[in-house]
Amino acid sequence: MGRFIGLGIIGALMLSAEIHPARASENLLRNGSFEHESTNAVFTEARHWKYADPDPHGDYWGSASRENWRAVDGEFIGSVRGLWADRGNCGGVWQEVKAEPGAIYRFSGWFFCDPEWMARTQEIIIEFWDAAHTNLIASERRDIGGCDADWTELSVEAATPENAAWVRVVINVAETGAAGSLQFDNLALIKNNPHTEARP
């Protein structure tokens, strides 16, 4: 009798798991590990991190580039290089997705700084924009630091303000030194809804 009761409990648990499957947090960023190059096959450009490749919801500027120097996972990373790259003294990347009212967004990534690297400004940012992309409604930022010994994970979190239609993640670097680079990998944007209870 006990054997059948035990089987019944196991069956009920399996049925419950099928009805309420575990849901892993979805990364809203595309190509967050920079593994996929741009559609025009330029090695140093990453798909979804270049404007109009394939849509207008991501881009890079200045000395930012895709490289294969070292990676947390896979082979490729994103980077902002020093003056040696001859692309100016600033750089960065951004990507955006539609914002959901009431949601809390967490932007995270892994960062590594060469020992000789210097920059007056280096930060990760979450920005919220209106539907026309003309009004920056709110932003939250965090300095990138403590990454000169090993890969370090950093994150910033913010709640969607009223009238926000887009949430954008940014890595912004300015006033770099001559040598080295800031490197980043496995970027992720995770959405949490505070009004939804997590299932046990």
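None of these values were measured; they are calculated from a predicted model.

A. Spotlight on the side chain of Glu-67. Within the fold, Glu-67 resides in strand β2 (residues 64–67). Although buried, Glu-67 forms no salt bridge, and the nearest oppositely charged side chain, Arg-81, lies 4.0 Å from it. One polar contact links Glu-67 to Ser-65, side chain to side chain, over a distance of 2.8 Å. The contacts of Glu-67, once residues within four sequence positions are left out, are Phe-43, Thr-44, Glu-75, Phe-76, Ile-77, Ser-79 and Arg-81.

B. Representation of the sheet that holds strand β10 (residues 181–192) in the model. Pairing is antiparallel in the open sheet, where five strands are placed in the order β2-β3-β10-β5-β8. Lying at the two open borders of the sheet, with one neighbouring strand each, are β2 and β8 (152–159). Taken pair by pair, the neighbouring strands of this sheet meet at an average axis angle of 35°, ignoring direction. Judged from the four bridges that link them, strand β3 (residues 77–81) and β10 form a sheet pairing that is antiparallel. Residue pairing in the sheet places Val-80 in a bridge with Leu-182 of β10.

C. Highlighting the packing of aromatic side chains. Summed over the entire model, instances satisfying the criterion amount to seven aromatic pairs. Measuring from ring centre to ring centre gives 5.7 Å for Phe-34 and Phe-184, while their planes differ by 65°; the resulting arrangement is edge-to-face. You can see Phe-34 sitting in the loop between α1 (2–19) and β1 (58–62) and its partner Phe-184 sitting in strand β10, a full 150 residues away along the chain. Taking relative accessible area as the criterion, Phe-34 reaches 2% and is therefore assigned buried. Considering the side-chain rings of Phe-111 and Phe-184, the 6.4 Å spacing of their centres and the 45° angle between planes classify their relative orientation as tilted. Of this pair, Phe-111 sits in strand β5 (residues 104–113) while Phe-184 sits in strand β10, placing them 73 residues apart in sequence. Look at Phe-111 and you get buried, because its relative accessible area is 0%.

D. Representation of the confidence of the model for the chain within the structure. Mean pLDDT over the chain works out to 89, with 84% of the residues at or above the 70 mark. Across residues 3–23 the pLDDT falls below 50, and counting only partners more than four positions away or on other chains, this stretch makes one contact in the model.

E. Summary view of the nonpolar core. Core analysis: the largest hydrophobic core is formed by 32 residues, its most contacted members being Phe-107, Phe-111, Ile-171, Leu-182, Phe-184 and Leu-187. At the level of secondary structure, the elements contributing two or more residues to this core comprise β4 (90–98), β5, β6 (119–129), β8, β9 (166–176) and β10. Filtering out sequence-adjacent residues up to four positions away, Leu-187 remains in contact with Asn-27, Leu-29, Gly-32, Phe-34, Trp-49, Phe-107, Ser-108, Gly-109, Phe-111 and Ile-171.

F. Expanded view of the pairing of strand β7 (residues 136–143). For β6 and β7, the ladder comprises seven bridges, and the chain directions are antiparallel. Within the sheet, the bridge partner assigned to Phe-128 lies in β7 and is Ala-138. What sits between β6 and β7 in their antiparallel hairpin is a turn of six residues, with His-133 showing a positive phi close to 60°.

G. Representation of the sheet that holds β4. Ordered in space as β1-β4-β9-β6-β7, the five strands form an open sheet in which the pairing is antiparallel. Because the sheet does not close on itself, it has two edges, and the strands there are β1 and β7. Taking the axes of each pair of neighbouring strands and ignoring which way they run, one obtains an average angle of 15° across the sheet. The pairing of β4 with β9 spans nine bridges and is antiparallel. Counterpart to Lys-98 in the pairing with β9 is Trp-166.

H. Here's a closer look at unusual backbone geometry. That bond from Asp-53 to Pro-54 is cis: its omega, 5°, falls within 30 degrees of zero. Position of Pro-54 relative to the elements: it lies in the loop between α1 and β1. Backbone geometry at Phe-34 places phi at a positive 65°, although glycine is not the residue there. One non-glycine residue, Asn-163, lies in positive phi territory at about 70°. When you line up the elements, Asn-163 lands in the loop between β8 and β9. With relative accessibility at 67%, the residue Asn-163 sits in the exposed group.

Rules and cut-offs
- Counting restarts for each chain: residues are numbered from 1 in the order of the written sequence.
- pLDDT decides what is reported in this predicted model: residues at 70 or higher carry local features, side-chain atom pairs at 80 or more are listed and counted, and totals for whole chains, interfaces and linings draw on all residues regardless.
- To obtain the side-chain values, all non-hydrogen atoms of the structure were used and water was disregarded.
- Helix numbering and strand numbering both begin at the N terminus, where a helix is a DSSP run of H or I of at least 4 residues and a strand a DSSP run of E of at least 2.
- Three exposure classes are used, based on accessible area relative to the maximum for each residue type with a 1.4 Å probe and protein chains only: buried under 20%, partly exposed in between, and exposed over 50%.
- In this tally, Lys and Arg are treated as positive and Asp and Glu as negative; His is ignored, and so are the chain termini.
- A side-chain nitrogen of Lys or Arg and a carboxyl oxygen of Asp or Glu constitute a salt bridge if their distance falls within 4 Å.
- Polar contacts, as used here, are pairs of N or O atoms within 3.5 Å; protein pairs need one atom able to donate a hydrogen and one able to accept it. Residues neighboring in sequence count only if both atoms are side-chain atoms.
- The contact rule is simple, with two residues in contact once any of their heavy atoms fall within 4.5 Å.
- Each pair of strands is called paired provided DSSP finds at least two bridges between the two strands.
- Axis lines are fitted through C-alpha atoms, for helices just across the contact stretch, and the angle between N-to-C directions can take any value from 0 to 180 degrees.
- Here a pair means two rings of Phe, Tyr or Trp (six-membered ring of Trp) with centres within 6.5 Å. Their orientation is stacked below 30 degrees between planes, edge-to-face above 60, and tilted elsewhere.
- Per-residue confidence from the prediction method is given by pLDDT, with values spanning 0 to 100.
- Here the nonpolar core consists of buried residues drawn from Ala, Val, Leu, Ile, Met, Phe, Trp, Tyr and Cys, with membership extended through side-chain atoms lying within 4.5 Å.

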